[in-house]
Amino acid sequence: GFFQSYAVEVDIKDASNATCLYADWMMRFLIMYESNNGDYKNATLNLSSSVTHNGSVCGSDTQAARVAVQFGEGHSWSINITKNNETYQGDFITLTYNTNDTAVFPDGKRKGPVTILVKDPLHPVQLNTVFVCHNSYLIEAENVVQIFWNVTVQAFIENGTVSKKESRCSADTPTSAPTIANVTTASTTTLSPAPTTAPKPVENPDTGSYFLKSGNQTCFLATLGLQLNVSQDKPLLININPKTTIANGACGNTTATLKLNDGNSTLIGF
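Treat the numbers as computed from the prediction; the structure is a model and nothing was measured.

How do you make sense of the overall build of the protein chain when you look at a structure like this?
Helix and strand content of the protein chain: 0 helices and 20 strands. For the protein chain, with 270 residues in total, the buried portion stands at 39%. Sequence separation of at least 24 residues holds for 52% of the intrachain contacts in the protein chain that already meet a minimum separation of 6.

Looking at this model, I keep getting lost on the side chain of Ser163. Mind explaining?
Mapped onto the fold, Ser163 is located in the loop between strand E12 (144–154) and strand E13 (166–168). Once residues lying within four places of it in the same chain are set aside, the contact partners of Ser163 are Asn128, Thr129, Val130 and Gln154.

Hey, could you run me through the packing of aromatic side chains in this one?
Geometry of an aromatic ring pair is reported as the spacing of the ring centres plus the angle between the planes. On inspection of all chains with the given rule, the structure shows 6 aromatic pairs. When the centroid spacing of 5.2 Å and the interplanar angle of 90° are considered together, the rings of Tyr33 and Phe105 count as edge-to-face. Residue Tyr33 is located in strand E2 (residues 19–34), and its partner Phe105 is located in the loop between strand E7 (87–98) and strand E8 (113–119); the two are separated by 72 residues in the primary sequence. Relative accessible area serves as the criterion here: at 0%, Phe105 is assigned to the buried category.

Is there a simple way to think about the state of the cysteines in this case?
Put plainly, a disulfide is one covalent bond tying together the sulfur atoms of two cysteines. Inspection of the entire model under this criterion finds 3 disulfides. Between the sulfur atoms of Cys133 and its disulfide mate Cys169 the distance is 2.0 Å. Here Cys133 and Cys169 share a disulfide; its torsion about the S-S bond, 75°, makes the bridge right-handed. In this pair, Cys133 sits in strand E10 (residues 130–133) while Cys169 sits in the loop between E13 and strand E14 (207–214), placing the two residues 36 residues apart along the sequence. Residue pairing for Cys219: its cysteine sulfur links by disulfide to Cys251, the two sulfurs lying 1.9 Å apart. Handedness of the Cys219-Cys251 disulfide follows from its S-S torsion of about 80°: it is right-handed. With Cys219 in strand E15 (residues 217–225) and Cys251 in strand E18 (residues 246–251), the pair connects residues that are 32 residues apart, well separated along the chain. Disulfide connectivity for the protein chain, with bonded cysteines indexed by sequence position, reads 1-2, 3-4, 5-6.

About the criteria used
- Along every chain, residues carry numbers that run from 1 in the direction the sequence is written.
- Predicted model: local features are reported for residues with pLDDT of at least 70 only, side-chain atom pairs are reported and counted for 80 or more only, and whole-chain, interface and lining totals are derived from all residues.
- The side-chain figures draw on all heavy atoms in the structure; neither hydrogens nor water molecules are used.
- Only runs of H or I of at least four residues qualify as helices and only runs of E of at least two qualify as strands under DSSP, and these elements are numbered from the N terminus.
- For every residue, the accessible area (1.4 Å probe, protein chains only) is compared with the maximum for its type, and the residue is labelled buried under 20%, exposed over 50%, or partly exposed between those bounds.
- Here, two residues are considered to be in contact whenever any of their heavy atoms come within 4.5 Å of each other.
- Note on ring pairs: Phe, Tyr and Trp rings are taken, using the six-membered ring of Trp, and paired if centres are within 6.5 Å. Classes follow the plane angle, with under 30 degrees stacked, over 60 edge-to-face and the rest tilted.
- The disulfide criterion used throughout: a pair of cysteine sulfur atoms within 2.5 Å.

Here it is in structure tokens:
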């Protein structure tokens with residue numbers, strides 16, 4: 001499966017056996033790689049059911065904390081977290097994927113581990129506060145898209161207890177409803193039929209551009225807005241958000257496949 005991924009939990013103890021670093025999250029990776037015949041394909045790398053966390057450390061005022069996990073056939077991921085006065089923040093993320101894993105890269109031209117390094121884009125978090133992000137967010141660099149969701153992280157924990165105070169990511173922040181001012185009108189003696197409530201119009205989906213590359217060349221491009229109309233007990237309209245939707249697939253000599261994954265178990269294929 002495309003959606004088969006496991007949660008990973010890391011609970012690091014200090015010398016006194018108290019929790020100093022806690023992380024619980026889910027992630028997967030969309031990786032573009034070159035096949036033996038020269039085409040570029042997309043692979044999905046998921047966490048396996050067996051994950052180790054060798055190399056994870058608590059950190060201090062002078063040393064970065066580190067969450068490190070190893071999974072599957074030679075794959076690993078880590079994030080360094082630094083402390084700055086009253087906040088902590090992810091510094092850089094390191095992903096190493098192993099193209100010798102034929103289950104993920106069945107026809108990969110390059111063999112062996114590939115490492116990429118990317119800056120963590122998330123905002124600083126106050127100390128004694130846990131960072132929480134239920135909705136998915138993405139980091140893209142060097143032909144790899146990293147997708148994270150159901151994230152709970154706290155570094156530099158004091159007194160061994162994960163805080164109940166939360167700092168939420170922007171993806172979890174609901175959009176405020178617009179404020180409608182009260183309007184007073186002068187009364188009249190004219191009788192008119194009671195107004196009927198107009199049905200709420202359905203918003204048009206945002207337009208997004210989705211593309212695939214073969215080497216440095218774009219081989220598939222789609223610019224469109226997508227709305228699903230699902231017939232159930234009641235009609236259900238779903239707008240696909242291009243900001244959280246990942247495109248993958250493959251370009252061949254006679255066919256091309258584009259897959260759009262919105263991070264919420266909706267997969268559309270062209």
